[in-house]
Amino acid sequence: MMSPIGVFDSGYGGLTILRQIRQYLPSHDFLYLGDNARAPYGPRSFEVIYAYTLQAVEALFERGCKLVILACNTASAKALRSIQQNDLARWGDDRRVLGIIRPTTEIIGSLTISRHVGLLATAGTVQSESYNLEIQKFFPDITLTGMACPMWVHLVENDEYDSPGADYFVRKRIEGILRLDPKIDTLILGCTHYPLLMGKIVKYTPAGVRIVTQGEYVAQSLVSYLERHPDMDACLSKRGTCHYLTTENPEKFKESATIFLHEQVEAEKIELK
């Protein structure tokens, strides 16, 4: 029986995480689910994000996944803990749901010298203070400053991330967060869409400020997790396949996914309920 690693995102940004994970685990099978019809999750309430994320996790479990990665910062910030504490038990002891915030926060202390870190993310992720809480667990001496970037996801999903118009929105947020704390020497891109704006972000970020994307750290953390949990890894099928599910029109998904994956993919439409 196929038991792929499930990867969930509210939209398309999680594809940047999936791409990195597949580079580290090329023999494993993957099943990606994008709730594209209801994206973005960022502005939604905790209750709605939790309900939607729970529906997605259940859908992936029903399709054979035993391990699900929430490749969405908003879902990781607002739904992961509740699902782990309140819902996992009814699916049995052999199911796990992991997020993408902890892998970045675990290593951030080795990347900053000034101990002043900036977070650029969606409003939902910033307001949840999940990054603050996780960083304080590992590095209580670090000061974190967050800033929401509400336009950045729209720029990416509308294929405007490389347009001249994107410069204004990127520069405004980077200048804004550095005004809040001029001592910042490390910027976390706390949204999986943002790596596509990297060209603009680098352009307006002062020299000496490190820019941290999540994909590589999430992939490395997952490899480490499977090494520490060989019983879970033994349950996962390994045929090197990857399939895609979407709540949106499959052709629309195919078109947009190309922006993130740089390859053509086919998707199956499903309904979450």
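Residues numbered from 1 in each chain as written. Predicted model: local features only at pLDDT ≥ 70, side-chain atom pairs only at ≥ 80, totals over all residues. Heavy atoms only, no water.

Our focus in this paragraph is unusual backbone geometry. In this structure, the amide linkage connecting Ala-39 to the following residue, Pro-40, adopts the cis form with an omega of 0°. One can find Pro-40 in the loop between strand E2 (30-34) and helix H2 (46-62). Of note, Arg-115 is a non-glycine position whose phi angle comes to about 70°, a positive value. Tracing the chain through its elements places Arg-115 in the loop between helix H5 (102-107) and strand E5 (116-121). We classify Arg-115 as buried; its relative accessible area is 19%. Phi angles above zero are rare outside glycine, and Glu-129 is one such case at about 60°. By the secondary structure assignment, Glu-129 is in the loop between helix H6 (123-128) and helix H7 (130-138). When its relative accessible area of 45% is taken as the criterion, Glu-129 is described as partly exposed. (Helix = DSSP H or I, 4+ residues; strand = E, 2+ residues; numbered from the N terminus. Buried < 20%, exposed > 50% of the residue type's maximum accessible area, 1.4 Å probe, protein only.)

To continue, consider the packing of aromatic side chains. Counted by the stated rule, this structure contains 12 aromatic pairs. With a centroid separation of 6.2 Å and an interplanar angle of 50°, the aromatic rings of Phe-8 and Tyr-41 are classed as tilted. With Phe-8 in strand E1 (residues 5-9) and Tyr-41 in the loop between E2 and H2, the pair connects residues that are 33 residues apart, well separated along the chain. In terms of burial, Phe-8 and Tyr-41 fall into one category: buried. Ring centres 5.5 Å apart and planes at 35° place the aromatic pair Tyr-12 and Phe-253 in the tilted group. Linking Tyr-12 in the loop between E1 and helix H1 (14-24) with Phe-253 in helix H13 (residues 250-261), this pair joins segments that are 241 residues apart in sequence. On the basis of relative accessibility, which here comes to 4%, the residue Tyr-12 falls in the buried class. Pairwise contacts between aromatic rings join Tyr-12, Tyr-32, Tyr-244, Phe-253 and Phe-260 into one cluster. A cation over an aromatic ring shows up here: Arg-90 above the ring of Trp-91, its NZ or CZ 4.6 Å from the ring centre. Directly above the aromatic system of Phe-61 lies the positively charged group of Arg-95, at a separation of 5.1 Å from the ring centroid. (Phe/Tyr/Trp six-rings, centres within 6.5 Å; stacked < 30°, edge-to-face > 60°. Lys NZ or Arg CZ within 6 Å of the ring centre and 35° of its normal.)

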